[in-house]
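Observations on the model geometry
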Amino acid sequence: MSTNKILVISNNKKLYSKKDKKLFLNLNCFHEDISKNIFKGNFFKNNIIKPCMNKKSYSNNSRQIEKMIISVSKSLRKVLNNFHKENKSQRFWEILFANWLKTFASIVGEKYFNILEAKNNYKFDKIIISNNKFINQNINNSDLENNTANDAWNFELYSEIIKELNFPKSKIKYDFKYEQKKSLNTKKNNNFEKFFNKNFLKLSNSLLSKNHSMIYDTSLDKFSKMKIHLNLSQLPNLPLKLQINYKQFNEAVRCKLDFNYKKYSGLERIFRKVLPLSLPTAIIENYSKLNKSINDLSFPKKPRLIFTSSEYNNNDLFRFFAAKNISNKTKYIIAQHGNNYFSLKDYKYLFPEVKYSDFFISWGSIYKDKKVIKLFNILNLNYKKTNLKKNKIFVFFKPIPKMKIWPWDNYYETFKNYYLSGELIRNLKTNLKKKITFRFKYKKNKLNILKKFVDNISGYKLDQNTIQKNSLLNSSKLIIFTYESTGLYEALSLDIPCVCLISKPIYFYTKKTQKIFQEMIKANIFFTNPKLMARHINKNENYIDHWWKSKRVLKAKKVFKYNLSSPIGDDPYTKFSNLLLKLSN
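Quick notes on the rules
Residues numbered from 1 in each chain as written. Predicted model: local features only at pLDDT ≥ 70, side-chain atom pairs only at ≥ 80, totals over all residues. Heavy atoms only, no water. Helix = DSSP H or I, 4+ residues; strand = E, 2+ residues; numbered from the N terminus. Contact = heavy atoms within 4.5 Å. Pairing = 2+ DSSP bridges. 1 Å grid on protein atoms, 1.4 Å probe; cavity = no way out; pocket = protein on both sides within 12 Å on 5 of 7 lines; lining within 4 Å. Points joined across faces, edges and corners; volume = space filled by probe spheres on them. Axes fitted to C-alpha atoms, helices over the stretch in contact; angles between N-to-C directions. Core = buried A, V, L, I, M, F, W, Y, C linked by side-chain atoms within 4.5 Å. Buried < 20%, exposed > 50% of the residue type's maximum accessible area, 1.4 Å probe, protein only. Left-handed = near helix turned anticlockwise from the far one by under 90°. Nonpolar A, V, L, I, M, F, W, Y, C, P; charged D, E, K, R; others polar. Phe/Tyr/Trp six-rings, centres within 6.5 Å; stacked < 30°, edge-to-face > 60°. Lys NZ or Arg CZ within 6 Å of the ring centre and 35° of its normal.

Quick notes on the side chain of arginine 254
Structurally, arginine 254 can be placed in helix H8 (residues 251–254). With residues near it in sequence (within four places) discarded, arginine 254 still touches Phe249, Pro276, Leu277, Ser278, Leu279, Pro280, Thr281, Ile284 and Glu285.

Description of the sheet that holds strand S15 (residues 476–481)
The sheet built from six strands is open, its strands ordered S14-S13-S12-S15-S16-S17 with parallel pairing. A strand with exactly one partner marks an edge of an open sheet, and here the two such strands are strand S14 (461–463) and strand S17 (526–527). Of the pairings in the sheet, the one linking strand S16 (residues 498–501) to S17 comprises two bridges and is parallel in character. Bridging across to S17, leucine 501 finds its partner in phenylalanine 527.

Focus on the layout of surface pockets
Roughly 610 Å³ of volume is contained in the second largest pocket. Residue lining of the second largest pocket: 29 residues in total, with Asn11, Leu27, Asn28, Ile34 and Tyr411 positioned closest to the centre. Elements that contribute at least two residues to the lining of the second largest pocket include exactly helix H5 (151–164), helix H14 (410–426) and helix H16 (445–451). In terms of residues, the lining of the second largest pocket owes the most to one element, H16, which gives four residues.

Looking at the sheet that holds strand S11 (residues 372–374)
Spatially, the five strands line up as an open sheet ordered S6-S8-S9-S10-S11, and their pairing is parallel. Two strands lie at the open edges of the sheet, namely strand S6 (213–215) and S11, each paired on one side alone. For this sheet, the mean angle separating the axes of adjacent strands, direction not counted, is 20°. Direction of pairing for strand S8 (residues 305–308) relative to strand S9 (residues 331–335): parallel, over a ladder of four bridges. Each residue of the ladder has a partner; that of phenylalanine 307, found in S9, is isoleucine 333.

Overview of the nonpolar core
In terms of nonpolar packing, the biggest core is built from 193 residues, with Ile9, Leu27, Phe104, Ile361, Phe526, Phe576 and Leu580 touching the most fellow members. In terms of residue count, helix H3 (residues 90–121) provides more of this core than any other element does, 16 residues in total. In this structure phenylalanine 576 touches Leu220, Ile228, Phe307, Ile361, Leu375, Phe376, Ile378 and Leu381, once residues within four positions along its chain are discounted.

Focus: the packing of helix H18 (residues 486–493) against helix H22 (residues 551–564)
Interaxial distance between H18 and H22 falls to 10 Å at its minimum, and their mutual angle equals 120°. Relative to H22, the crossing made by H18 is left-handed. Taking contact as the criterion, the partners of Tyr489, Leu492 and Ser493 in H18 are, on H22, Phe560, Lys561 and Leu564. Counted by class, the contact of H18 with H22 contains four nonpolar, one polar and one charged residues.

What about the packing of aromatic side chains?
Across all of its chains, the model carries 44 aromatic pairs by this definition. Ring geometry for tyrosine 332 versus tyrosine 356: centroids 6.3 Å apart, planes at 15°, classification stacked. Remark: tyrosine 356 occurs in helix H13 (residues 353–356) and tyrosine 332 occurs in strand S9; sequence separation between them is 24 residues. Ring centres of phenylalanine 438 and tyrosine 460 lie 4.4 Å apart, and the angle between their planes is 25°; on these two criteria the pair is classed as stacked. Of the two residues, phenylalanine 438 sits in strand S13 (residues 436–439) while tyrosine 460 sits in the loop between H16 and S14, which places them 22 residues apart along the sequence. The class of tyrosine 460 is buried, set by a relative accessible area of 13%. An aromatic cluster is built from Tyr341, Phe342, Tyr347, Phe351, Phe360 and Tyr367, whose rings are joined through pairwise contacts. If you follow lysine 88 out to its NZ or CZ, it ends over the ring of phenylalanine 92, 4.9 Å from the centre. Arginine 272 extends its terminal NZ or CZ atom over the ring of tyrosine 264, reaching a point 4.0 Å from the ring centre.

Shape descriptors only; they carry no functional weight alone.
If you want it as structure tokens, here you go:
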């Protein structure tokens, strides 16, 4: 019996008739307001395809994505070496493309399994798809991530996947008008700030090129970077801005790239098919230009070590500099910059920088390996303790995802988190609500989204990232994290009283991490139930120190910090600098 439904794969309402009975592929395609009501009753089940986030499907899907990344990575090396007439190592190329490949594989994989779920388990009569060729114009990973916020880009990628999945022709209807604007800003500054004038730049080049090490990190403040450089007995790197006029995407050139997609099936077949017109121009059209450009920078000519915790992902010049110098026996050292390293089950393919670095500096001891070295949470080098009165309560809300770049539906995950966060706030005592400040970095229309989940949000004190983080941490009596964030790890490392709502499925984490989290749950630091979390906060608001220093809490914190976010301790700059020198030998 016909269901008379259309599967909606675009947020563009103009593609669909108002008379159509709609089944939405996911929340990105949803045409109505997203609010707490969609998580009540059977609304989601009857109107929107369920995300592939149960334990069995997520595990199987992740294994397929990981296996595909390994396979494609080897093929990419061969193709790029042939194309550029090079003979570079696998590691050389992975420094240049591994993070991009992980991101694109996660994007395509999540979309593929979402459509497969619709095809296998839902009934519908029609799909409107694009008849355009999918082209992913991007210079690097940053552009790729931004593309995922473009509905037309997603529409064309969904369409490409649907074409390969052998849907009955009677279900397919083509749209010829809706397409992405294939234009890209090819003048880009490579994340090095401008400094004084050309004469000073020439002087800096001559001085800094003699440094024995390259330390470049945008996550640390100026004082911290200065201390590290001085401890290494060298001049601090001058921030430099170099504009590059990138060559345009060239479709004709890319036709020469062959990934033999017809020899494969399923997800990998689709991925290899779209890859030639999707690869970043940094490693195709602009490879030679970037290779030459690094000679114009005030970088050490033959560095003893290269260190960063931030530049390996999107900074083209830095990545080319690192890739070039690994053949000179330079040690490439990367440090952890956020949470979830070694705690998520899929960290091996989600964080490829761990693999291609010589050494990886970790915040804790959760992972044992010769190349993974425990230090401390380096972000807390930026923290400066003051004598502010600790009398404020902050609530941190999860940022709205602008981009969909993970192998799970992080858009759904965020809005489900807002629903649970709304339940948490709703169950706090009235007098307590008057004391709290909401921290939510978005303004205007973005805040309107949160209003649909948290009742009477305009009645609360609101901080839209205006309070400086150091001041916030120093004045906090209690921080309520509505999601597991990097800020949570910083606060725990600094021993600032906090609680956290864990909304990500527990099976996303390794078994060791699950045990650590279970102890944090028993200590009433972590919660999976928002009502129980509210009850705990209501009960202990006036007795925070008593709870925070209780035996069970002290024990749980000690294990968490040792494994996942160690405190910086005394003389951290010397420890950090000495470790870098030791690893560079």
